[in-house]
Amino acid sequence: MSTDFRIGQGFDVHAFGDGDHVVLGGVRIPHNRGVLAHSDGDVVIHALCDAMLGALALGDIGVHFPPSDPRWKGADSRMLLRHCDGLLRERGWRVGNADVTVVCERPKVGPHATAMRANLAADLGIDIDTVSVKATTSEKLGFTGRGEGIAAQAVCLLVRA
Ligand SMILES: Nc1ccn([C@@H]2O[C@H](COP(=O)(O)O)[C@@H](O)[C@H]2O)c(=O)n1
Ligand SMILES: C[C@@]1(CO)OP(=O)(O)OP(=O)(O)OC[C@H]1O
């Protein structure tokens, strides 16, 4: 039986390390820390890719882009996102809408949210009004609260392309 919708969710964490910026939703944000990652460590895009892959039960980004593969060292995660979108579209699906929440005390995400939404929407070939990026602190609790790392959670709905 064919269905008209699929739903997926994704979650990603990266630890902060030395550095002077983070990349979120393809936006380079100046910060007093960087992130430890094989790629550019973009938790927004990694969580979104996992949501998209999960919606079609296609595994996760670690399966498609193994951290052991030198091709993905320092990779621009927008390239990974476009690849995941291609996997969906070749199966007859596209993202209908997506909603991402970033969890960190700093940097402030709000001022960059529109630029992130524009990047994600462009890579997915969909309207910016169907892509949401928002943020919350964890009220100084846990690893995000202590400023040890950054997390993102994504939900997406797939519709027939
Ligand atoms: N990294 C962050 C965290 C939060 N925001 C914005 O601040 C608002 C208040 O955060 P609370 O955790 O105290 O609810 C939140 O709703 C976001 O708009 C942010 O921009 N960047
Ligand atoms: C993105 C990949 C690419 O090798 O590596 P990381 O940047 O370390 O990010 P992670 O969220 O651990 O996902 C796994 C990998 O697919």
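What counts and how
- Residues numbered from 1 in each chain as written.
- Chains lettered and ligands numbered in written order.
- Predicted model: local features only at pLDDT ≥ 70, side-chain atom pairs only at ≥ 80, totals over all residues.
- Heavy atoms only, no water.
- UniProt positions renumbered as here; feature names shortened; annotations may be inferred.
- Near = heavy atom within 4 Å.
- Polar contact = N/O pair within 3.5 Å; in protein donor to acceptor, adjacent residues only side chain to side chain.
- Areas by Shrake-Rupley, 256 points an atom, 1.4 Å probe, with all protein chains shown as cover.
- Helix = DSSP H or I, 4+ residues; strand = E, 2+ residues; numbered from the N terminus.
- Nonpolar A, V, L, I, M, F, W, Y, C, P; charged D, E, K, R; others polar.

The name recorded for the protein chain in an unreviewed UniProt entry is 2-C-methyl-D-erythritol 2,4-cyclodiphosphate synthase, from Pseudoluteimonas lycopersici. Of the protein chain, the UniProt comment under Subunit (unreviewed entry) reads exactly: "Homotrimer." Per UniProt, the protein chain carries the Catalytic activity (unreviewed entry) text "4-CDP-2-C-methyl-D-erythritol 2-phosphate = 2-C-methyl-D-erythritol 2,4-cyclic diphosphate + CMP".

Draft legend 1. Just the site of ligand 2, in detail. Neighbouring residues of ligand 2: 13 residues in total, closest Asp-12, His-38, Ser-39, His-46 and Phe-65. Separating an oxygen atom of ligand 2 from a side-chain N or O atom of Ser-39 is a distance of 2.4 Å. Contact distances for ligand 2 include 3.1 Å between an oxygen atom and a side-chain N or O atom of His-46. When isolated, ligand 2 has an accessible area of 370 Å², and the protein chains bury 86% of it. Looking at the shell around ligand 2, the elements that each hand over two or more residues are strand 1 (5-17) and helix 2 (61-64). Of the residues contributing to the shell around ligand 2, the split by class is 7 nonpolar, 5 polar and 1 charged.

Draft legend 2. Molecular detail of the site of ligand 1. Around ligand 1 sit Cys-104, Glu-105, Pro-107, Lys-108, Val-109, Gly-110, Ala-135, Thr-136, Thr-137 and Glu-139, and those are all the residues in its vicinity. Between ligand 1 and the protein, one listed contact pairs an oxygen atom with a backbone N or O atom of Gly-110 at 2.8 Å. Surface burial for ligand 1 is 63%, taken as the share of its 460 Å² of free accessible area covered by protein chains. Taken together, the residues that form the shell around ligand 1 break down as 4 nonpolar, 3 polar and 3 charged.

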